[in-house]
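The chain contents come next:
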Amino acid sequence: MDTEQSIYVLLSDTGTLFTRLIKWYTGDPMNHASIAFDDRLTEVFSFGRRNPDNPFIGGFVEEDLGGKLFGNASCQLYRCTVSKQAYDRMVRHVEEMRGRKHQFKYNLWGLLCVMMNVRLERRNAYFCSQFVASVFEKNGCAILGKPAALVTPGDLAASPSLRLVYQGHIRQLTQPLPVTG
């Protein structure tokens, strides 16, 4: 019997200069996307700053929601229900990337191309929302009708496959989320 599992998409606004520029351009309240596989958000993955103090070196990251970068961040947390098999594939996919994390780069060129609606896919390079959308897409669970290389955090928020389960400050995400309809 196939049971369903929940995957979480965390959209956030850290208020950094780079995210303020993204927010100014998109008009969306949230400008960073991450993915997690448990309701406690014990491990949250994305593409962003490898060092919170250096915005110029980015890649695959395991985010520290209690750290300096996210200290005053606001967020929206979404849940997506997938089959157990899809969940397992997605977890394996991210774990495989985690094992090779130093081979990945931040796809700044791809992010700039999104502004012109030009799809740019680079080997081992992602921007945050591209990474999140690609984890779904590459594992048979596409949640949007557009390629991952063109997905913005606002697109993720508008996905009919994602259900908003929390909105507020990241620091308040300390308890397990209630399971509702």
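All values derive from a computational prediction rather than experimental measurement.

Engineer: Before we move on, can you summarise the environment of Asp 28 with the specific residues and values?
Structural biologist: Relative to the helices and strands, Asp 28 resides in the loop between helix H1 (17-26) and strand S2 (32-36). In this structure, the C-alpha to C-alpha distance between Asp 28 and Gly 154, residues 126 residues apart in sequence, is 5.9 Å. Apart from residues lying up to four places away in sequence, Asp 28 is in contact with Lys 23, Thr 152 and Gly 154.

Engineer: So what's going on with the nonpolar core? Residues and values would help.
Structural biologist: Formed by 38 residues in total, the largest nonpolar core has its most connected members in Ile 35, Phe 131, Phe 136 and Leu 156. Taken together, the elements giving at least two residues each to this core come down to strand S1 (4-13), S2, strand S3 (44-51), strand S5 (74-83), helix H2 (84-99), helix H3 (108-114) and helix H4 (128-137). The element that contributes the greatest number of residues to this core is H4, accounting for 6 residues. Among residues more than four places away in sequence, those in contact with Ile 35 are Ile 7, Tyr 8, Glu 43, Val 44, Phe 45, Met 90, Phe 131, Val 132, Val 135 and Phe 136. Counting 13 residues, the second-largest nonpolar core is a separate cluster that includes Tyr 8, Val 44, Leu 65 and Phe 70.

Engineer: Any chance you could break down the packing of aromatic side chains for me, citing the residues and the numbers?
Structural biologist: Applying the stated criterion to the full structure yields 11 aromatic pairs. On the numbers, 5.9 Å between centres and 90° between planes, the contact of Phe 37 with Tyr 87 is edge-to-face. Here Tyr 87 lies in helix H2 and Phe 37 lies in the loop between S2 and S3, a separation of 50 residues in the sequence. With a relative accessible area of 13%, Tyr 87 lands in the buried category. Between Phe 47 and Phe 131, the ring centres sit 5.1 Å apart and the planes meet at 50°, which makes this aromatic pair tilted. Residue Phe 47 is found in strand S3, and its partner Phe 131 is found in helix H4; the two are separated by 84 residues along the sequence. Of the residues examined, Phe 131 reaches a relative accessible area of 0% and is grouped as buried. Grouping aromatic residues by their ring pairs yields a cluster made of Phe 37, Phe 45, Phe 47, Phe 60, Tyr 87, Phe 104, Tyr 126 and Phe 131.

Engineer: So, empty space enclosed by the protein: which residues are in play, and what are the values?
Structural biologist: Counted by the stated rule, this structure contains 1 cavity of 30 Å³ or more. By volume, the largest cavity amounts to about 30 Å³. For the largest cavity, the full set of lining residues is Ala 133, Glu 137, Ala 142, Ile 143, Leu 144, Lys 146 and Ala 148. Residues belonging to the lining of the largest cavity are distributed by class as follows: 5 nonpolar, no polar and 2 charged.

Engineer: Any chance you could break down the pattern of salt bridges for me, citing the residues and the numbers?
Structural biologist: Inspection of every chain in the model, using the stated rule, returns 8 salt bridges. Where Lys 101 meets Glu 62, a salt bridge forms, and the shortest distance between an N and an O atom there is 3.3 Å. Pair noted here: Lys 101 is in the loop between H2 and strand S6 (105-106) and Glu 62 is in strand S4 (residues 54-62), with a separation of 39 residues, a long-range link. We classify Glu 62 as partly exposed; its relative accessible area is 37%. Its salt-bridge partner being Asp 88, residue Lys 84 comes within 2.8 Å of it at the nearest N-O pair. Linking Lys 84 with Asp 88, this pair stays in helix H2, spanning 4 residues, or about one helical turn.

Engineer: Tell me about H4, and please be specific about residues and values.
Structural biologist: Among the 10 residues in H4, 9 count as buried, and that is most of the element. Within the sequence span of H4, burial applies to Cys 128, Ser 129, Gln 130, Phe 131, Val 132, Ala 133, Ser 134, Val 135 and Phe 136.

Engineer: Give me the lowdown on the layout of surface pockets, citing residues and values where you can.
Structural biologist: What the largest pocket holds in volume is close to 850 Å³. Surrounding the largest pocket, 39 residues form its lining, Phe 18, Ile 22, Tyr 106, Leu 108 and Leu 111 being those nearest its centre. Within the residue set of the lining of the largest pocket, elements represented by two or more residues are H1, S3, S4, S6, H3, H4 and helix H5 (153-158). It is H1 that contributes the most residues to the lining of the largest pocket, 8 residues altogether.

Rules used throughout
Residues numbered from 1 in each chain as written. Predicted model: local features only at pLDDT ≥ 70, side-chain atom pairs only at ≥ 80, totals over all residues. Heavy atoms only, no water. Helix = DSSP H or I, 4+ residues; strand = E, 2+ residues; numbered from the N terminus. Contact = heavy atoms within 4.5 Å. Core = buried A, V, L, I, M, F, W, Y, C linked by side-chain atoms within 4.5 Å. Buried < 20%, exposed > 50% of the residue type's maximum accessible area, 1.4 Å probe, protein only. Phe/Tyr/Trp six-rings, centres within 6.5 Å; stacked < 30°, edge-to-face > 60°. 1 Å grid on protein atoms, 1.4 Å probe; cavity = no way out; pocket = protein on both sides within 12 Å on 5 of 7 lines; lining within 4 Å. Points joined across faces, edges and corners; volume = space filled by probe spheres on them. Nonpolar A, V, L, I, M, F, W, Y, C, P; charged D, E, K, R; others polar. Salt bridge = Lys/Arg side-chain N within 4 Å of Asp/Glu carboxyl O.

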